[in-house]
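The primary structure of each chain is shown beneath.
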Amino acid sequence: MSGILGGQIALVTGASRGIGRAVAERLARDGAFVVVNYLQNRSAAEATLAAIHAAGGQAELCPFDVARGAAVTEAIDHLVARHGKIDILVNNAGLARDNLLLRLREEEWDQVVDVNLKGLFLCTRAVVRSMIRQRYGRIINMTSVVAHTGNPGQVAYSTAKAGICGFTRTLARELASRSITVNAVAPGFIDTDMTRSLPEPIKTGYLNLIPAGRWGTAEEVAEAVAFLASPLAGYITGQVIHVNGGMYM
Ligand code: NAP
């Protein structure tokens, strides 16, 4: 498929649903061959794949748990061997386990930090060697508005998401001379499975904080990712791009 990303290979983690799915479809529309990662929801991942194919794009499925080092290394080594390279990595897989600090269990903390933060480290480390070899790469990490504002009940999640911002800045400095950019996208409140399950009073409370007066869509986040993933964004690195309807400025 032709397009600004024609000939490029993009790995999107957590692409079976929500923001990851929208990013996968968007990058495929720009011509990238998209590797659709997910954890367990095969039918949702197949729906992402079918949507990409229906739009004339190219993609394949690649399930693995981003938080398990051995699984990540095996899957990504295999991908690089088969495709020869990975040009774009979107570290999107994430989950929330909300609880006030005094009620937060150690397993919940570990799960949130393992998937959101350690998973990003494991996937990036596995991909970056091939990017250094070809002296080109785009890494985009999914953080959150709550990394900047804090949010009661999300101490583990906001800590992991704030860690992503530090990771992004440091890695941007490490890799800039190799023409590899590293940026983060910080969505506000976006209509996906993750937020749909919130109780109605909490949703109304969040809505009151958004000057745009509505929740964002996964497609609106995907537009920011697509720009950062493109050759057009070659002089942008170490940045956090906010997509939040004015909720945080
Ligand atoms: P979502 O609808 O809950 O989808 C989560 C995705 O992550 C699914 O594809 C899921 O795969 C995958 N996943 C979960 N754990 C995984 C693991 N261990 N290994 C591989 N894949 C895993 O979430 P979303 O709302 O689209 O959020 C996507 C990203 O944006 C997350 O990093 C989230 O923290 C961030 N974010 C979201 C919002 C929002 O308002 N929605 C706001 C700010 C930031 P399965 O389908 O197989 O479970």
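Since the model is a prediction, treat every value here as computed from it, not as a measurement.

Asks: Talk me through the packing of aromatic side chains; I want residue IDs and the actual numbers.
Replies: Counted under the stated rule, the structure contains two aromatic pairs. Consider the rings of phenylalanine 189 and tyrosine 206, whose centres lie 3.9 Å apart with planes at 20°: the pair is stacked. A residue pair is termed long-range when its members are at least 10 positions apart, and phenylalanine 189 in the loop between strand S6 (180–187) and helix H7 (193–196) and tyrosine 206 in helix H8 (residues 200–207) qualify at 17 residues. Among the residues examined, tyrosine 206 registers a relative accessible area of 12% and is labelled buried. Seen from their ring centres, phenylalanine 189 and tryptophan 215 are 6.0 Å apart, and the 70° between their planes marks the pair as edge-to-face.

Asks: Could you give me a rundown of the nonpolar core, with the residues and numbers involved?
Replies: Leu11, Phe64, Ile76 and Ile139 are the most contacted members of the largest nonpolar core, which has 44 residues in total. Those elements that provide at least two residues to this core are strand S1 (9–12), strand S2 (33–36), helix H3 (69–83), helix H4 (106–134), helix H6 (155–175) and S6. In this view, leucine 11 contacts Val35, Asn37, Ile76, Leu79, Ile86, Ile88, Leu89, Val90 and Val127; residues no more than four positions away in its chain are not counted.

Asks: I'd love a proper account of H6, names of residues and values included.
Replies: Residue pairs spaced three or four apart in an α-helix point in one direction, given the helix's 3.6 residues per turn. Here H6 spans 30 Å end to end across 21 residues, near enough to the 30 Å set by a 1.5 Å rise per residue. If you check which residues of H6 are buried, you get Ala156, Tyr157, Ser158, Ala160, Lys161, Ile164, Cys165, Thr168, Leu171, Ala172 and Leu175. Residues of H6 that are buried in the fold lie against H4, strand S5 (137–142), helix H5 (146–149), S6, H7 and strand S7 (240–243).

Asks: Lay out the packing of helix H1 (residues 18–29) against helix H2 (residues 42–54) with the relevant residues and their values.
Replies: Where H1 meets H2, the axes come as close as 10 Å, and the angle between the chain directions of the two elements is 25°. It follows from the interaxial angle that H1 and H2 lie roughly parallel. Helix-helix and strand crossings are classified by hand; for H1 and H2 the assignment is right-handed. Taken together, the residues of H2 that come into contact with H1 (itself represented by Arg21, Ala24, Glu25 and Ala28) are Ala47, Thr48, Ala51 and Ile52.

Asks: Account for a nonpolar patch on the surface, naming residues and giving values.
Replies: A cluster of nonpolar residues, Ile4, Phe227 and Leu232, forms a patch on the protein surface that exposes about 290 Å² of accessible area. On the basis of relative accessible area, isoleucine 4 is assigned to the partly exposed category, the value being 38%.

Asks: Tell me about the packing of H1 against helix H9 (residues 218–229), and please be specific about residues and values.
Replies: To characterise two packed helices, one gives the angle between the axes of the helices and the distance between these axes. Where H1 contacts H9, the axes come no closer than 8 Å and their chain directions differ by 50°. One way to sum up the angle between H1 and H9 is to call them oblique. The interaxial crossing formed by H1 with H9 has right-handed handedness. Along its contact with H1, which presents Gly18, Ile19, Ala22, Val23, Arg26, Leu27 and Arg29, the element H9 presents Ala218, Glu219, Val221, Ala222, Glu223, Val225, Ala226 and Ala229. When grouped by side-chain class, the residues that make up the contact of H1 with H9 number 10 nonpolar, one polar and four charged.

Asks: Go over the environment of arginine 42, please, and point to the residues and values.
Replies: Following the sequence through the fold, arginine 42 ends up in helix H2. Judged by its relative accessible area of 43%, arginine 42 falls in the partly exposed class. When the C-alpha positions of arginine 42 and arginine 103 are compared, they lie 33 Å apart, and in sequence the two are 61 residues distant.

Asks: Hey, could you go over the site of the ligand for me, with residue numbers and the actual values?
Replies: As a structural note, the neighbourhood of the ligand is formed by 32 residues, with Ser16, Gln40, Asn92, Tyr157 and Thr192 the closest of them. The backbone of valine 66 places a nitrogen or oxygen atom 3.1 Å from a nitrogen atom of the ligand. When atoms are counted within 2 Å of each cavity's grid points, the one that captures over half of the ligand is the largest pocket. Of all the elements in the fold, those that place two or more residues in the shell around the ligand are H1, H4, H6 and H7. Residue contributions to the shell around the ligand peak at three residues, all from H7. A class-by-class count of the residues in the shell around the ligand yields 14 nonpolar, 14 polar and four charged.

Basis of the calculations
Residues numbered from 1 in each chain as written. Predicted model: local features only at pLDDT ≥ 70, side-chain atom pairs only at ≥ 80, totals over all residues. Heavy atoms only, no water. Phe/Tyr/Trp six-rings, centres within 6.5 Å; stacked < 30°, edge-to-face > 60°. Helix = DSSP H or I, 4+ residues; strand = E, 2+ residues; numbered from the N terminus. Buried < 20%, exposed > 50% of the residue type's maximum accessible area, 1.4 Å probe, protein only. Core = buried A, V, L, I, M, F, W, Y, C linked by side-chain atoms within 4.5 Å. Contact = heavy atoms within 4.5 Å. Expected span 1.5 Å × (residues − 1). Axes fitted to C-alpha atoms, helices over the stretch in contact; angles between N-to-C directions. Parallel < 35°, antiparallel > 145°, perpendicular 65-115°, else oblique. Left-handed = near helix turned anticlockwise from the far one by under 90°. Patch = residues over 30% accessible without salt bridge, like charges linked within 9 Å, V, L, I, M, F, W, Y side chains within 5 Å. Areas by Shrake-Rupley, 256 points an atom, 1.4 Å probe, with all protein chains shown as cover. Salt bridge = Lys/Arg side-chain N within 4 Å of Asp/Glu carboxyl O. Nonpolar A, V, L, I, M, F, W, Y, C, P; charged D, E, K, R; others polar. Near = heavy atom within 4 Å. Polar contact = N/O pair within 3.5 Å; in protein donor to acceptor, adjacent residues only side chain to side chain. 1 Å grid on protein atoms, 1.4 Å probe; cavity = no way out; pocket = protein on both sides within 12 Å on 5 of 7 lines; lining within 4 Å. Sits in = over half its atoms within 2 Å of the grid points.

The analysis is restricted to geometry; functional conclusions fall outside its scope.
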